[in-house]
Amino acid sequence: MLEEVTVLAPATVANLVCGFDILGLALEEPCDKLTIRKTRRGIRIINLDGYNLPLEPEKNVIGGALLAMLEETREEIGFEIESTKVIKPGSGIGSSAASAAGAVIAANHLLKQPFSTSDLIRFAMCGEQVASGAKHADNIAPAIMGGVTLIRSSFPLDIIGIPAPPLFVTILHPQIEIKTSNAREILKKEILLKDAAIQWGNVAGLVAGLMKGDYELISRSLVDVIVEPIRSILIPGFDLVKTVSLETGALGGGISGSGPSVFMLSHDLVTARKVEAAIIQAYSGLNIDFHTHVSTINNQGVRFI
Ligand code: ADP
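I will try to describe carefully the structure that is included in this document.

Rules of the game
Residues numbered from 1 in each chain as written. Predicted model: local features only at pLDDT ≥ 70, side-chain atom pairs only at ≥ 80, totals over all residues. Heavy atoms only, no water. Helix = DSSP H or I, 4+ residues; strand = E, 2+ residues; numbered from the N terminus. Buried < 20%, exposed > 50% of the residue type's maximum accessible area, 1.4 Å probe, protein only. Pairing = 2+ DSSP bridges. Axes fitted to C-alpha atoms, helices over the stretch in contact; angles between N-to-C directions. Contact = heavy atoms within 4.5 Å. Phe/Tyr/Trp six-rings, centres within 6.5 Å; stacked < 30°, edge-to-face > 60°. Near = heavy atom within 4 Å. Polar contact = N/O pair within 3.5 Å; in protein donor to acceptor, adjacent residues only side chain to side chain. Areas by Shrake-Rupley, 256 points an atom, 1.4 Å probe, with all protein chains shown as cover. Nonpolar A, V, L, I, M, F, W, Y, C, P; charged D, E, K, R; others polar. Salt bridge = Lys/Arg side-chain N within 4 Å of Asp/Glu carboxyl O.

What follows concerns unusual backbone geometry. At the junction of Glu29 and Pro30, the peptide bond is cis and its omega measures out at -10° in the coordinates. Along the polypeptide, Pro30 turns up in strand β2 (residues 19-39). Cis rather than trans, the peptide bond between Gly259 and Pro260 has omega equal to 5°. In this fold, Pro260 is placed in the loop between β8 (252-255) and β9 (262-266). A positive phi angle, close to 50°, is found at Val17, a residue other than glycine. Relative to the helices and strands, Val17 resides in the loop between β1 (4-16) and β2. The exposure class assigned to Val17 is buried, which follows from its relative accessible area of 4%.

Glancing now at the sheet that holds β8. The antiparallel open sheet is built from four strands, whose spatial order is β8-β9-β7-β10. Of all strands in the sheet, those bounded by a partner on one side alone are β8 and β10 (290-296). Pairwise comparison of adjacent strand axes, ignoring direction, gives a mean angle of 15° for this sheet. Most of the contacts of helix α10 (residues 269-283) go to β10, to which it runs at about 170°, and overall it touches β7 (168-174), β9 and β10.

Moving on: the packing of aromatic side chains. Within this structure, the stated rule accounts for two aromatic pairs. Relative to Phe123, the ring of Phe115 lies with its centre 4.9 Å away and its plane at 85°, an arrangement referred to as edge-to-face. This pair shows no difference in class: Phe115 is buried, exactly as Phe123 is. Ring geometry for Tyr283 versus Phe290: centroids 5.3 Å apart, planes at 75°, classification edge-to-face. For Tyr283, a relative accessible area of 1% gives the class buried. Overall, the relative accessible area of 21% leaves Phe290 in the partly exposed class.

Lining the immediate environment of the ligand, one finds 15 residues, of which Asn60, Gly90, Ser95, Ser96 and Ser99 sit closest. Between the ligand and the protein, one listed contact pairs a nitrogen atom with a side-chain N or O atom of Asn60 at 2.8 Å. Between Ser96 and the ligand, the recorded distance is 2.7 Å, taken from a side-chain N or O atom to an oxygen atom. For the ligand, whose accessible area on its own is 560 Å², the fraction buried by protein is 79%. Of the residues forming the shell around the ligand, the biggest block, three residues, is contributed by helix α2 (residues 95-110). Across the shell around the ligand, the residue classes break down as three nonpolar, nine polar and three charged.

A separate point is the environment of Pro89. Looking at where Pro89 falls in the secondary structure, it is placed in the loop between β4 (78-84) and α2. Discounting chain neighbours no more than four positions away, the residues touching Pro89 are Tyr51, Leu53 and Ser95.

According to the stated counting rule, one finds 15 salt bridges in the structure shown. Linking Glu4 and Arg37 is a salt bridge whose minimum nitrogen-to-oxygen distance equals 2.8 Å. Placement of the pair is Glu4 in strand β1 and Arg37 in strand β2, with a sequence separation of 33 residues. Overall, Glu4 belongs to the partly exposed group, its relative accessible area being 41%. Salt-bridge contacts for Arg273 lead to Glu276; the nearest nitrogen and oxygen are separated by 3.8 Å. Of this pair, Arg273 and Glu276 both sit in helix α10, three residues apart, roughly one helical turn. What makes Arg273 partly exposed here is its relative accessible area of 45%.

Rendered as structure tokens:
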């Protein structure tokens, strides 16, 4: 009987420009590593990194997700989880979602797969509730399913995988803190109908462009007239980063999740690396520490090693 399993759970980009709260994608790198063992009862979390995340199951997204799963299992069991986080918490590339997604996929495997993908997303959303107070699926869905995902509805859950052509992602992570709650509070509660029409035209254009592999259409649909103009003021140098990225050949991009990370999509690896170099040059003048990296899209989601 299989008693232990190790998985790699990927970082994700949520709020894909015009797709606020509904479109996300999984990255090949970075990934968190989780090893999970069956035990007789309870949940024990062991942190093998320097992030000092809470060990109490109710305060860690791993625990939040697994407690939701255990409530629906008939077996009298528990789990011990060794967590090695590589994705920095609060960076805006789905650190908490990676923990929750990795935990539920690994635990389901140890239980011999009683739960559907939709169940696993539901459990992992309970983990996200521990991190942010809300059961959102925009990072969870791509982390579990891989590729680009559309959340057509969260309650009831209706998630669709969107086929996409090869895309390369350049990530800028300024070392500043943006609280998700602040990033939400500053958003307008009401929007103009004319802005809504522009936005849903772009969302439809982006989905069509991804499915047709039409990079031109993807590029001209990567426009957000509702959230980005407000949220980008929280990210120093955002407009500069976007301008130099587009000048260097990026298809487009925006704020990853609620920031502070920024992402840019490119058609090929060479362009994505040139975009990275242009961002590094532009951001070096700002007196803010930052990291950058380039990744492809991860079409598999959480994987076993
Ligand atoms: P991100 O978009 O990087 O996931 P969030 O703000 O959504 O950032 O989540 C990070 C918050 O969740 C931090 O306050 C962190 O302490 C808390 N947290 C609890 N457990 C975990 C975990 N296993 N992994 C990451 N963050 C966790």
